[in-house]
Amino acid sequence: MHIKETIALIGTGKNGRLAAVSLLACRYQLLLCDKNIIQARELAQELNNTACDCVAEAMECSFNCAWEADIIILTPDLEEQLEVAGYIKAVANQKLLISVYDDGNSNSGDKGISSTQQIDLIRDILPNTKIALIKFATARCDKGLKTNAIENIEIYSREQNTLDTVAGIFKNSGVENVKKELLSLTPNMLQPGSSDPKC
Amino acid sequence: MKQLPLFLFERCRITLRLNLAKLCLFLSGMYEVFFKKINEVIHLTADEEAIFKNYLKPKKLRKKQFILQEGDVCKYSIFVEKGLLRSYSVNEKGNDQVVQFALEGWWIADLYSFITGEPSRYNIDALEDCELLLINNDGLKEVRRQIPKFLEFSFLQMQNAYIALERRWSHMVTLSTEERYNKLLDKYPDIVQRVPQHMIASYLGLTPETLSRAKKQMTLPK
């Protein structure tokens with residue numbers, strides 16, 4: 001028997017929906033949080049109506065949501081992710097945080113931020129949190145709640161354990177192509193604004 | 001080579017400042033019982049408390065939710081900041097056998113599984129909504145390395161765990177049903193008030209009917 005872990009999914013927009021879809025087959029308790037609580041409730045209801053193993057619930061406060069969770073997934077644009085990271089800092093300690101990386105999101109000014117830079121920006125705020133980045137490389141959210149909408153996930157982290165854990169979560173959930181990449185830890189890269197070998 | 005947009009740094013700075021007050025409020029309450037208990041034994045400085053916090057995982061648990069299930073490895077030593085937990089095993093007849101309750105200020109874990117990494121034979125679930133602080137073995141080692149006086153606390157904790165275990169075993173074999181119940185009532189009235197009677201009976205190694213009869217006997221005039 002294995003414990004049912006709790007995932008806080010913060011943001012229920014396009015990326016939040018994709019993250020929820022990618023976790024459909026997993027036996028998790030899913031706490032959905034969004035500034036637009038109606039949207040969060042609708043997604044929770046949609047997930048609960050789907051024959052899936054996870055149980056979803058909408059919550060209004062990201063702090064309480066993250067406090068209750070074992071795993072936190074941040075899905076809004078980077079600017080908002082950083083804001084939420086600051087807000088949940090006290091309760092994200094020693095937890096696993098998955099940040100969704102969206103290089104195609106130009107509205108928020110994410111354009112130009114590399115995956116390593118995004119990880120380091122979040123890690124500056126949450127130094128005691130295990131951080132991984134995911135990118136829905138080939139995904140369509142117009143298919144409704146079907147796992148096969150996610151065809152390919154890329155995962156980045158600076159820690160091997162974190163990388164393996166996150167890859168395990170998505171593989172167990174039925175995502176077939178999970179590509180993982182361990183980002184190197186050099187002193188130069190730890191400086192904000194330093195050169196990024198991935199660029 | 002790409003430059004990070006300035007707005008992001010500015011935004012981070014403002015966000016952190018705005019949230020500082022809120023965080024301080026939450027932080028003080030979140031670790032209140034924890035540091036109170038530790039400081040009863042060893043005195044930690046503010047810096048040492050800050051080091052300790054780095055290794056603690058705050059976790060809320062709802063009533064009836066599990067923090068450990070039989071077959072899983074017990075990865076954390078659990079401190080109860082608020083609420084009530086129960087540790088129990090399930091026997092071959094499918095009955096729960098309560099091993100331990102943990103109230104505010106108590107630690108709970110399957111020590112055998114926590115130390116050896118073997119799968120646990122116990123379940124730990126919440127009897128009330130809980131606020132917990134979890135620390136894993138690596139975290140404990142790191143705290144002991146960085147705060148050597150914490151070793152003294154760890155030693156006392158182990159000592160107390162052994163004494164409690166020994167006392168519980170001796171009560172089971174030497175005391176009558178009424179005496180066992182009275183001991184529990186005297187020492188831990190909160191447990192008797194907050195825990196359902198069938199769980200108290202299981203903890204005392206009785207059936208609920210036997211406990212009910214014993215309680216009736218105790219109320220009769222002698």
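Described in the following lines is the structure provided in the data block. (Residues numbered from 1 in each chain as written. Chains lettered and ligands numbered in written order. Predicted model: local features only at pLDDT ≥ 70, side-chain atom pairs only at ≥ 80, totals over all residues. Heavy atoms only, no water.)

Considering the packing of aromatic side chains
Here the distance between the centres and the angle between the planes together describe a pair of aromatic rings.
And step 1. Overall, the coordinates contain 13 aromatic pairs over all chains when judged by the stated rule.
And step 2. Between Phe63 of chain A and Trp67 of chain A, the aromatic rings sit 5.9 Å apart at their centres with planes inclined by 75°, giving edge-to-face as the arrangement. Here Phe63 of chain A pairs with Trp67 of chain A, and both are found in helix H3 (residues 62-68), just four residues apart, close to one helical turn.
And step 3. By relative accessible area, Trp67 of chain A is classed as buried at 6%.
And step 4. Aromatic pair Phe34 of chain B and Phe79 of chain B: ring centres 5.0 Å apart, planes at 90°, arrangement edge-to-face. On the criterion of sequence distance, the pair formed by Phe34 of chain B in helix H2 (residues 32-39) and Phe79 of chain B in strand E3 (residues 76-82) is long-range, its members being 45 residues apart. Accessibility assignment for this pair places Phe34 of chain B and Phe79 of chain B in one class, buried.
And step 5. An aromatic cluster of at least three residues, connected via ring pairs, comprises Tyr31, Phe34, Phe35, Phe52, Phe79, Trp107, Phe150 and Phe153 of chain B. (Phe/Tyr/Trp six-rings, centres within 6.5 Å; stacked < 30°, edge-to-face > 60°. Helix = DSSP H or I, 4+ residues; strand = E, 2+ residues; numbered from the N terminus. Buried < 20%, exposed > 50% of the residue type's maximum accessible area, 1.4 Å probe, protein only.)

Remarks on the pattern of salt bridges
Residue and element names in this part refer to chain A.
And step 1. What the rule picks out here adds up to 17 salt bridges over all chains.
And step 2. Put simply, Lys35 and Glu80 hold a salt bridge, and the shortest N to O gap is 3.3 Å. Of this pair, Lys35 sits in the loop between strand E2 (29-33) and helix H2 (37-49) while Glu80 sits in helix H4 (residues 78-92); the two residues are 45 residues apart in sequence, bridging distant segments of the chain.
And step 3. Linking Asp164 and Lys180 is a salt bridge whose minimum nitrogen-to-oxygen distance equals 2.7 Å. (Salt bridge = Lys/Arg side-chain N within 4 Å of Asp/Glu carboxyl O.)

Quick notes on the nonpolar core
And step 1. Core analysis: the largest hydrophobic core is formed by 63 residues, its most contacted members being Ile72 of chain A together with Phe34, Phe52, Ile78, Leu85, Leu132 and Phe150 of chain B.
And step 2. The element contributing the most residues to this core is H4 of chain A, with eight residues.
And step 3. Beyond its immediate chain neighbours, meaning those up to four positions away, Leu132 of chain B contacts Lys57, Pro58, Lys59, Leu61, Ile67, Ile78, Phe79, Val80, Glu81 and Leu85 of chain B. (Core = buried A, V, L, I, M, F, W, Y, C linked by side-chain atoms within 4.5 Å. Contact = heavy atoms within 4.5 Å.)

Let's talk about the sheet that holds strand E4 (residues 85-90) of chain B
Residues and elements named next belong to chain B.
And step 1. The four strands lie next to each other as E2-E7-E4-E5, forming an open sheet whose pairing is antiparallel. Of all the strands in the sheet, the pair left with one neighbour each is strand E2 (66-68) and strand E5 (96-102). Strand-to-strand, the axes of this sheet are offset by a mean angle of 30°, without reference to chain direction.
And step 2. Sheet analysis places E4 next to strand E7 (residues 123-126), joined by four bridges and oriented antiparallel. Looking at E7, one finds that Ser87 is bridged to Ile124. (Pairing = 2+ DSSP bridges. Axes fitted to C-alpha atoms, helices over the stretch in contact; angles between N-to-C directions.)

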